[in-house]
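# Examination of the molecular architecture
Listed here are the chains, written in short residue letters.
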Amino acid sequence: MNAPAGPENSGNARLARIESLLASDPAQAESEAGRLLQEDPQHAMARLFLGIARRLTGNPAAAIEVLAPLAESVPGAPLPHLQLGLAWREAGDRENAVASMRRAVAVKPDFSDAWLALADTLKTMGAHEEADRAFVRYIEHSASDPRLRVPMDALRDKRDADAETYLRTHLKRHPNDVRALCMLAEVALRHERYEDAESLLKGCLELAPSYRTARHNYAVVLMRLERPLDVLREVDRLLESEPADLNLQNLKAATFQRLGDYDQALKTYESILETHPDDPGVWSGLGHTLRTLGRLAPSVEAYRKATALAPEFGEAWWNLANLKTFRFDEADLERMRGQLAKPGLNTASRISFNFAIGKALEDQGEFGRSFEHYAEGNRLRRQGSDYNAGELTAQVRRCKRFFTAPFFASRTGYGEPSSEPIFIVGLPRSGSTLVEQILASHSQVEGTMELPHIADIARPLAARAAAEGEEFPQVLAKLGKSETRDLGRSYLERARVQRRLDLPMFIDKMPNNFGHVGLIHLILPNARIIDVRRDPMACGLSIFKHLFAQGQLFSYSLEDIGHCYREYADLMAHFDEVLPGRVHRVAYESLVEDTEGEVRRLLDYCRLPFEAACLKYYENKRAVATPSSQQVRAPIFRDALEHWRHFEPWLDPLRTALAPKAHAGERPPGD
């Protein structure tokens, strides 16, 4: 080296400075690398940095002049080959770019940066299979990438906001980094932003179709989005190469269950247990299927088996509590308390144990201690939620402004005229499963499940609105007769997947469809819409006591529950005004007190003849997938109407949140 000795002017110090300038000021880096080369024309690192600096300043041709001879002179060094490949790519010569990048990975097979660059380049050339293989090699070797170690550590430590910030910044520079895309999707999945996770993973798989982790996560997200047919497609694709994968087999069984194919779900779980008899998750899944089929005793046995195999598996204990008619004994309660006291218990199980213990104490009449556990479970559950109550308020306001009587009057004759669907809407825990069971006991009506299809139809419409600088539902004003008819037909086609009987009518019991009443009327003007309403204090407490598997993000705070009830009631009152008589309301309390009268009015609205079987709904052996599956297999129990009052001393936040609007305009809450 020709530079004088000393810490400030040593060659290493100058190289370190040039390297740091590459990221912040590549023009200055080029200048200083040039000066170093004037002093030592054969300095390999100075030549490398000069080539990189020229590339970063937008002069790839000049970079190639430096990097090409350097790569030839040091053929065993991978970095010059990669940088030459990047320069060739930026100069528009992708063939030479690929050749140089292939030399880089040949010299250093674990060179993750080179594999990613090669995959990117092959993708732009349309060499999709080769690109996929290169992406897989990148994924294999990127675990040691120091740039991804930061977000990996943040995800491990539950610092999701830090991980997301870093990953988004990283992806601005490396938009095709499939591992970073998958990690960012994990953040979205953790916070139940399922549409974001779907978009990220879909883009990831378009780049790297063989990325198994991304495809598995994609299947999980699709399940959360209630798209079981899509889940089945992804799972079958993964099982082709790993047919013995337990997680995939379990997911496939759960998918059959979501499709309403409970016999196939049962067979799948039983098949899995032949090779994995000690897996608590499989026993828990089997318990779900048996419960849905009304086989209570074997369902309890399956859940019990799961708790015996893994006493710390809180979900299995909650599954027992969620049977509603099941009662824990004192030994169960002590076992759950013992598990909850363990400092290393994971958060998900801690949440489940709190809800299960809350139910056990409630059954014992220990309402104060019961509420403490429900409140703690909700507090823990809410910590990971991004729920914003203001979004619901904004949605309701938009709907009230947009869906007017003149809007609907001007669209007479729009939509698909089918009268097959019966929508049951409202809030969870309102008695909707009971109404569904009553209707499904009629010879002309099939009970299906909570179908996701209206939300699936609304989602792309909302995306279209956003792309056009509008908001949903304003975009519906642009739909013509044929488009609304096609959307209605699309709904019927999607629903047909879950239908098992050839009956004239079927039920869609997705409660959140209350927010889409306007869309439903527009695309299916002859469908029946039934709003099941329950006393807000009773309904609100019941929601608070229930641990939902997914969605219902408002349910983990009494204030949010009260706010959601108010907005829901306000929106339904609006539709009563602009579409008089369109929505039939069933008050749960009235249904309990005058069952036959309410059932007759319900059937009249649906234009169905009265059938006595609807009064003996509890004799119906159909599969019921909701938490109320055991309750609707017994006659109505009137004593439960005022059960919420046992918890009244702790419900002031709910009462206060409900106060601005009385229940259905009839009475103040709880009076």
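Residues numbered from 1 in each chain as written. Predicted model: local features only at pLDDT ≥ 70, side-chain atom pairs only at ≥ 80, totals over all residues. Heavy atoms only, no water.

This brings us to the overall build of the chain. Counting its secondary structure elements, the chain contains 33 helices and 5 strands. Considering only C-alpha atoms, the chain reaches an extent of 100 × 65 × 50 Å along its principal axes. The buried share among the 671 residues of the chain stands at 55%. Relative to all contacts within the chain whose residues are 6 or more apart in sequence, the contacts with residues 24 or more apart total 66%. Positive and negative side-chain charges in the chain, numbering 86 and 95 respectively, have mean positions lying 2 Å apart. (Helix = DSSP H or I, 4+ residues; strand = E, 2+ residues; numbered from the N terminus. Buried < 20%, exposed > 50% of the residue type's maximum accessible area, 1.4 Å probe, protein only. Contact = heavy atoms within 4.5 Å. Lys, Arg positive; Asp, Glu negative; His and termini not counted. Charge placed at Lys NZ, Arg CZ, Asp CG, Glu CD.)

This paragraph deals with the side chain of Gln-257. By secondary structure assignment, the location of Gln-257 is in helix H15 (residues 246–258). Overall, Gln-257 belongs to the buried group, its relative accessible area being 13%.

Turning our attention to the environment of Leu-345. Among the secondary structure elements, Leu-345 is positioned in the loop between helix H20 (330–340) and helix H21 (347–363). With a relative accessible area of 11%, Leu-345 lands in the buried category. In the structure, Leu-345 is positioned 126 residues away from Ala-219 in sequence and 27 Å away in space, judged by C-alpha atoms. If we ignore the near neighbours within four places in the chain, the residues touching Leu-345 are Glu-312, Gln-339, Leu-340, Arg-350 and Phe-353.

Right, let's talk about helix H29 (residues 536–544) for a bit. Taken across its 9 residues, H29 has 9 buried, putting it largely inside the fold. Residues Pro-536, Met-537, Ala-538, Cys-539, Gly-540, Leu-541, Ser-542, Ile-543 and Phe-544 constitute the buried set of H29. Against H21, helix H22 (367–383), helix H30 (558–578) and helix H33 (652–658) lie the buried residues of H29. Measuring from the backbone nitrogen of Met-537 back to the side-chain oxygen at the start of H29 gives 2.9 Å, which picks out Asp-535 as the cap. (Polar contact = N/O pair within 3.5 Å; in protein donor to acceptor, adjacent residues only side chain to side chain.)

Turning next to helix H16 (residues 262–275). Between its terminal C-alpha atoms H16 stretches 21 Å, which fits the 20 Å expected from 14 residues at 1.5 Å a residue. Among all positions of H16, only Tyr-262, Ala-265, Leu-266, Thr-268, Tyr-269, Ile-272 and Leu-273 are buried. Buried residues in H16, looked at end-on, bunch into an arc of 165 degrees, giving them a common side. Away from its buried face by more than 90 degrees, H16 exposes Asp-263, Lys-267, Glu-274 and Thr-275. Summarising the contacts, the buried residues of H16 are in contact with H15, helix H17 (280–292) and strand S2 (445–449). (Expected span 1.5 Å × (residues − 1). Arc of directions from axis to C-beta.)

Here we come to the pattern of salt bridges. Applying the stated criterion to the full structure yields 55 salt bridges. Sharing partners across several salt bridges, the network here consists of Arg-149, Asp-153, Arg-156, Asp-157, Arg-159 and Asp-162. (Salt bridge = Lys/Arg side-chain N within 4 Å of Asp/Glu carboxyl O.)

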